[in-house]
Amino acid sequence: MGTIYYGGSATPIHIEDRALAHLKVVIATKLRRSESFTVSWRHPDGEPRGRSTIWLHPSIPIRFVFDDPEPAELSREWIEDLAQSASSSGGITLVAEHIEPSPDTPDDDAPQTVTTV
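Computed from a predicted structure; not experimentally measured.

The rules behind the values
- Residues numbered from 1 in each chain as written.
- Predicted model: local features only at pLDDT ≥ 70, side-chain atom pairs only at ≥ 80, totals over all residues.
- Heavy atoms only, no water.
- Helix = DSSP H or I, 4+ residues; strand = E, 2+ residues; numbered from the N terminus.
- Buried < 20%, exposed > 50% of the residue type's maximum accessible area, 1.4 Å probe, protein only.
- Contact = heavy atoms within 4.5 Å.
- Pairing = 2+ DSSP bridges.
- Axes fitted to C-alpha atoms, helices over the stretch in contact; angles between N-to-C directions.
- Expected span 1.5 Å × (residues − 1).
- Polar contact = N/O pair within 3.5 Å; in protein donor to acceptor, adjacent residues only side chain to side chain.

Participant: I'd like a description of the side chain of S85, backed by residues and values.
Facilitator: Residue placement: S85 occurs in helix α2 (residues 76–86). For S85, a relative accessible area of 17% translates into the label buried. Leaving out residues up to four positions away in the same chain, S85 has contacts with G91, I92 and T93.

This is the structure:
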């Protein structure tokens, strides 16, 4: 689980490492352009239900901390999805990654059997 520390807030924002790696690319790009925007997400399991939104501004410090020491492999499609939402009036909405099945993976249309003991 990665963490965002934003401004002087004592409350860290926890986001899964892979999602945070993609979000970081989009946030850094927008802040480099001196753009202000919002980022919204649903609270992860283990936290009170709900969602949060923060306003990001280039003058406010932000730090990204990743639990995994190795950088995640980035998905161009996911970055583009996040970047597109960043340009909307609602700002960035953290959406799930779209994972296409591998062409080498056969479809499993077989009926599933559950046995009870």
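Participant: Tell me about the environment of E80, and name the residues and values.
Facilitator: By the element assignment, E80 lies in helix α2. For E80, a relative accessible area of 47% translates into the label partly exposed. The sequence separation of E80 and H22 amounts to 58 residues, and the corresponding C-alpha distance is 9.6 Å.

Participant: Can you tell me about the sheet that holds strand β1 (residues 2–6), naming the residues and giving the values?
Facilitator: Across the sheet, which stays open at both edges, the three strands sit in the order β2-β1-β5 with antiparallel pairing between neighbours. Both outer strands of the open sheet, β2 (13–15) and β5 (62–65), are each paired with one neighbouring strand and no more. Put simply, the sheet's adjacent strands are angled 20° from each other on average, direction ignored. Bridging between β1 and β5 involves four bridges; their strand directions are antiparallel. Residue Y6 lies in a different strand from β5, and its bridge partner there is I62. Contacting β1, β2 and β5, helix α1 (residues 17–32) crosses the sheet at an angle of about 155° to β5.

Participant: I'd like a rundown of α1, residues and numbers included.
Facilitator: Taking 1.5 Å of rise per residue, the 16 residues of α1 would be expected to cover 22 Å, and the 22 Å separating its terminal C-alpha atoms lies within 8% of that figure. All buried positions along α1 are accounted for by D17, A19, L20, A21, H22, L23, V26, I27, K30 and L31. Capping the start of α1, E16 holds a side-chain oxygen 2.9 Å from the backbone nitrogen of R18, two or three residues further along.

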